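# Inside the fold
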Amino acid sequence: MEISGKRMYSLLKKLNFVRLSTTEGEKRAAAIIADEVREAGIDPKIETFMAPRYEIKKVKFEVTEPEAREYEVSGYGFSGNAAKDGIEADFYYLESFDEMCLAEAKGKIVFVAGGVGVENYKKLVKAGALAFVSTCGTWTDKKSETDLDERMLRPIHTDEGVIPGVCMRIADGIRLVASKPKKVKLTLEQEEGEAPSQNIVAEIPGTKFPEEVIVYTAHYDSVVFSPGMFDNASGSATILELLRYFAKNPPLRTLKFIFCGSEERGLLGSKAYVEAHKDELKNYRLCVNVDMTGPLLGFDCVRVMGGASLCYALEFMKKEIGYATEIRQDIYSSDAIPFADNGIPGVNFIRTAADGTTRVHTRYDVITQVDPAKMARTAAFALEFSKRTVNAVYFPIERKLPEEIAEKVEVYLRKKKPEKKDKSFK
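This report concerns the structure included in the present document. (Residues numbered from 1 in each chain as written. Predicted model: local features only at pLDDT ≥ 70, side-chain atom pairs only at ≥ 80, totals over all residues. Heavy atoms only, no water.)

## Thoughts on the packing of helix H1 (residues 5–14) against helix H11 (residues 372–390)
In contact at an axis separation of 8 Å, H1 and H11 are set at 110° when each is read in the N-to-C sense. As far as their axial angle goes, H11 and H1 are roughly perpendicular. The hand of the H1/H11 crossing is right-handed. Taking contact as the criterion, the partners of Gly5, Lys6, Met8, Tyr9 and Leu12 in H1 are, on H11, Pro372, Met375, Ala376 and Ala379. Among the residues forming the contact of H1 with H11, the class breakdown is 7 nonpolar, 1 polar and 1 charged. (Axes fitted to C-alpha atoms, helices over the stretch in contact; angles between N-to-C directions. Helix = DSSP H or I, 4+ residues; strand = E, 2+ residues; numbered from the N terminus. Parallel < 35°, antiparallel > 145°, perpendicular 65-115°, else oblique. Left-handed = near helix turned anticlockwise from the far one by under 90°. Contact = heavy atoms within 4.5 Å. Nonpolar A, V, L, I, M, F, W, Y, C, P; charged D, E, K, R; others polar.)

Quick look at the structure:
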């Protein structure tokens, strides 16, 4: 059986809709993938887990003094309901998150140019800000051609307190600050809770070493507004194609294919899987993750979350078969991370898009930006790598993460703070 870009592309056509975490779109996508797995001759399991879900009921941002004016905004999910009846306060443009600027934030509604990360959100809470306004996009964006970001706070943001927040376009932010408002009013009402999300899990038992497991992951959810063809219907199509191959060519080792839900909410599907299968993980030898392939203009690359010897092996293999790709030892922000957090090495297959082409997390992540032949090319290399490792006489990859990779994973998951580099002048 050969890799078929046409067959992979057919899955993209079926998934060509918004698949936001915990929504009917994500559930519909899970059913489509499960049917594809059944057609390949494997019985899938749907593993349900709970994921955060919010619904904005009311959001509004107004200048009340010196002249009344309203701006279009979106509400931050999980930033509370303290403003459901509206908070009116002095306006303050926070130019920087240094302590001198933050000293003026107490009791005010604070404007921040750009996003608000975890540490800066905590600084706003500690400084006594009543609420905040962040921005998205560029000043050249046209409202008819772009969408206003919808953003969500995670528990790590709010463990030291909650203040409500909204997001506006940067062009509106420029007008807002230039108008020198004195008082503003922010209203935000939302329902916060949880709802079901799901992983689709398929297993192909090993014929000789069934106790040794290689896991394949790709997420199938998208973000709001986006059909997510590049990110990451393409990855789901890739591991489905690998599943089809091994369903017809039984592997020596056991393979598990996990189509992860709610990755865009913070790797929630892979985290839920790892937690639910904690006792089995000692048998897992490797995670192969595929997240974003297929742009016509771009370049293939591999991110190795494992030892240098694995990088050398991939370098040798790419030269042996004539496959141009960039191989680097580093972490990659996707579903292999929770497995790496449990000491399981990972290999991430990716095709980066050329600047100015595919735009992820927007309405422009569309099917026309994904090329079947390029998807098939990446899948073919992932398959060649898989055949050599899955069917090796002795499994060639040590189940161990180098210290620098393990540390990067801990920093990524915020279990550890990054070491401060010496910034002294030399």
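## Brief notes about the nonpolar core
Tyr216, Phe257 and Phe385 are the most contacted members of the largest nonpolar core, which totals 61 residues. A total of 10 residues in this core trace back to one element, the largest contributor, which is helix H7 (residues 229–248). Phe257 has contacts with Ile200, Val201, Ala202, Ile204, Tyr216, Ile239, Leu242, Leu243 and Phe246, leaving out every residue within four places of it along the chain. Counting 24 residues, the second-largest nonpolar core is a separate cluster that includes Ala105, Val116, Ala127 and Ala129. (Core = buried A, V, L, I, M, F, W, Y, C linked by side-chain atoms within 4.5 Å. Buried < 20%, exposed > 50% of the residue type's maximum accessible area, 1.4 Å probe, protein only.)

## As for the pattern of salt bridges
Two side chains bearing opposite charge may form a pair once their charged atoms approach each other closely. Under the counting rule described, the total for this entry stands at 31 salt bridges. As a salt-bridge pair, Lys143 and Asp172 come within 3.6 Å of each other at their nearest N and O atoms. A residue pair is termed long-range when its members are at least 10 positions apart, and Lys143 in the loop between strand S6 (131–136) and helix H5 (155–158) and Asp172 in helix H6 (residues 170–178) qualify at 29 residues. The partly exposed category is assigned to Lys143, whose relative accessible area is 44%. Judged by relative accessible area, which is 5%, Asp172 ranks as buried. Ionic pairing is found between Glu384 and Lys387, a salt bridge with its closest N-O pair at 3.9 Å. Of this pair, Glu384 and Lys387 both sit in helix H11, 3 residues apart, roughly one helical turn. Classification of Glu384 by relative accessible area gives partly exposed; the value is 23%. By sharing partners, the salt bridges in this structure join Arg7, Lys14, Glu36, Glu241 and Arg244 into a single network. (Salt bridge = Lys/Arg side-chain N within 4 Å of Asp/Glu carboxyl O.)

## A look at unusual backbone geometry
Following Glu65, the chain continues to Pro66 via a peptide bond in cis, the omega torsion being 5°. Along the chain, Pro66 falls in the loop between strand S1 (45–65) and strand S2 (69–71). Cis geometry is found at the peptide bond from Asp231 to Asn232, where omega equals 5°. Relative to the helices and strands, Asn232 is located in helix H7. We note that Leu267 has phi near 60°; this positive angle belongs to a residue other than glycine. With respect to the secondary-structure elements, Leu267 resides in the loop between strand S10 (253–260) and helix H8 (268–276). The exposure class assigned to Leu267 is buried, which follows from its relative accessible area of 4%. A positive phi angle, close to 60°, is found at Arg414, a residue other than glycine. Tracing the sequence through the fold places Arg414 in the segment after helix H12 (403–412). Classification of Arg414 as partly exposed rests on a relative accessible area of 45%.

## Focus on the pairing of S6
Most of S6 is tucked away, with 6 of its 6 residues classed as buried. In this sheet, S6 lies alongside strand S5 (residues 108–111) in parallel orientation, the contact comprising 3 bridges. Residue pairing for S6: Ile109 is matched across the bridge by Ala131. With respect to chirality, the unit in which S5 leads through helix H4 (residues 118–127) into the neighbouring parallel S6 is right-handed. (Pairing = 2+ DSSP bridges. Right-handed = clockwise from strand over helix to strand, strands pointing away.)

## Considering the packing of H7 against H11
Put simply, H7 and H11 touch, their axes get as near as 10 Å, and they point 45° apart. Regarding the angle of H7 to H11, the classification is oblique. As for the relative orientation of H7 and H11, their crossing is right-handed in sense. Along the contact surface, H7 presents Ser234, Ala237, Thr238, Leu242, Tyr245 and Phe246, while H11 presents Met375, Ala379, Ala382, Leu383, Ser386, Lys387 and Val390. Here the contact of H7 with H11 is composed, by residue class, of 9 nonpolar, 3 polar and 1 charged.

## A short note on the state of the cysteines
Tallied over the full model, the rule gives 0 disulfides. Cys136 supplies the cysteine sulfur nearest to Cys167, a cysteine that is in no disulfide, at a spacing of 3.8 Å. According to the relative accessible area criterion, Cys167 is buried, its value standing at 0%. In this model Cys260 remains outside any disulfide bridge; the closest cysteine sulfur is found in Cys287, 8.0 Å from its own. The class for Cys260 is buried, based on a relative accessible area of 1%. (Disulfide = S-S within 2.5 Å.)

## Considerations on the environment of Arg169
With respect to the secondary-structure elements, Arg169 resides in strand S7 (residues 165–169). Arg169 gets classed as buried once you look at its relative accessible area, which sits at 9%. When the C-alpha atoms of Arg169 and Ser74 are compared, they prove to be 9.5 Å apart, with 95 residues separating the residues in sequence. Setting aside its immediate chain neighbours within four residues, Arg169 contacts Glu72, Thr135, Cys136, Lys143, Thr146, Asp147 and Leu148. A distance of 2.9 Å separates polar atoms of two side chains, one belonging to Arg169 and the other to Thr146. (Polar contact = N/O pair within 3.5 Å; in protein donor to acceptor, adjacent residues only side chain to side chain.)

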